[in-house]
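Architecture at a glance
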Amino acid sequence: MPFAPILRSGFTACLAALLLGAASLADAAELSGIAVIVAPGSTLRDLDKHELALIYKRKKRLWPDGRRIAPVNLPAGQNIRKAFSVAILGHTPEEMDDYWRDQYFHGELPPFVASSEEAVIRLVATTPGAIGYVPACLADKRVNVVLTIDDGLPCPR
């Protein structure tokens, strides 16, 4: 049967295509927005993008209860940082460098940079006044989500 090897290879190719399609559907199910998070004891329940931009540009420094705001960033090279920066500040982290150089001469420093999403969660959960962002799929009961930015980034789990 000269056609048997051809049928087998065709069947194998179709099966591989189906499996790859199923994998990409599973990946699509793992897309996540960006969750802006605060400590669970915070009185803040929601936040808008404009106010968040003021916080991350260090133009708004105090919460309504008088507590000092401590914004936390992820490293500039991470995709979630880039997506957050563009969505909220309108610029990439690299484009914000000039802003921060100028602010430095006015005595302002950029937000603290945590090394990972887990570090942001732990820091925000334990630091009064802290605010940060992580993939929405990683936000858990240790923090409160006050804003979700629908960006469609893959969940890093």
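Below: a short report on this structure. Worth saying up front: this structure is predicted, and the values here are computed from it rather than measured.

**Points about the pairing of strand S1 (residues 31–38)**
The buried fraction of S1 is high, at 7 of 8 residues. Across 7 bridges, S1 lies against strand S5 (residues 144–154) in antiparallel orientation. Bridge pairing links Ala35 to Thr148 in S5. Here 5 bridges tie S1 to strand S4 (residues 130–135), and the two strands are oriented antiparallel to one another. Directly across from Ile37, in S4, lies its bridge partner Gly132.

**Here we look at the packing of aromatic side chains**
Scanning the model with the defined rule gives 5 aromatic pairs in all. For the pair Tyr56 and Phe84, a centre-to-centre distance of 4.9 Å together with 65° between the ring planes defines the contact as edge-to-face. With Tyr56 in helix H2 (residues 49–56) and Phe84 in helix H3 (residues 79–89), this pair connects stretches of sequence that are 28 residues apart. Its relative accessible area of 2% is what places Tyr56 among the buried residues. With 5.6 Å between their ring centres and 80° between their planes, Tyr104 and Phe105 make a pair best called edge-to-face. According to the relative accessible area criterion, Phe105 is exposed, its value standing at 68%. In this structure an aromatic cluster arises from ring pairing among Tyr56, Phe84 and Tyr133.

**Structural notes on the sheet that holds S4**
The strand order across the open sheet formed by 5 strands is S3-S2-S4-S1-S5, and the pairing between neighbours is mixed. The outermost strands of the open sheet, each flanked by one partner alone, are strand S3 (112–113) and S5. Relative to S4, strand S2 (residues 70–73) runs parallel, the two being bridged by 2 bridges. Considered in S4, the bridge of Pro71 is made with Ile131. Set on the sheet, H2 makes contact with S1, S2, S4 and S5; between it and S4 the angle comes to about 115°.

**Considerations on empty space enclosed by the protein**
Enumeration according to the criterion identifies 1 cavity of 30 Å³ or more in this entry. For the largest cavity, the calculated volume is near 80 Å³. In terms of residue count, the dominant contributor to the lining of the largest cavity is H3 (4 residues). Each residue belonging to the lining of the largest cavity can be placed in one class, and the counts come to 7 nonpolar, 2 polar and 1 charged.

**A short note on the nonpolar core**
In terms of nonpolar packing, the biggest core is built from 36 residues, with Val36, Leu47, Leu52, Phe84 and Ile131 touching the most fellow members. Contributing elements (two or more residues each) for this core: S1, H2, H3, helix H4 (97–104), helix H5 (117–126), S4 and S5. For Val36, the residues in contact, after removing those within four places along its chain, are Leu47, Leu52, Phe84, Ile131, Gly132, Tyr133, Asn144, Val145, Val146, Leu147 and Ile149.

Scoring rules and cut-offs
- Residues numbered from 1 in each chain as written.
- Predicted model: local features only at pLDDT ≥ 70, side-chain atom pairs only at ≥ 80, totals over all residues.
- Heavy atoms only, no water.
- Buried < 20%, exposed > 50% of the residue type's maximum accessible area, 1.4 Å probe, protein only.
- Helix = DSSP H or I, 4+ residues; strand = E, 2+ residues; numbered from the N terminus.
- Pairing = 2+ DSSP bridges.
- Phe/Tyr/Trp six-rings, centres within 6.5 Å; stacked < 30°, edge-to-face > 60°.
- Contact = heavy atoms within 4.5 Å.
- Axes fitted to C-alpha atoms, helices over the stretch in contact; angles between N-to-C directions.
- 1 Å grid on protein atoms, 1.4 Å probe; cavity = no way out; pocket = protein on both sides within 12 Å on 5 of 7 lines; lining within 4 Å.
- Points joined across faces, edges and corners; volume = space filled by probe spheres on them.
- Nonpolar A, V, L, I, M, F, W, Y, C, P; charged D, E, K, R; others polar.
- Core = buried A, V, L, I, M, F, W, Y, C linked by side-chain atoms within 4.5 Å.

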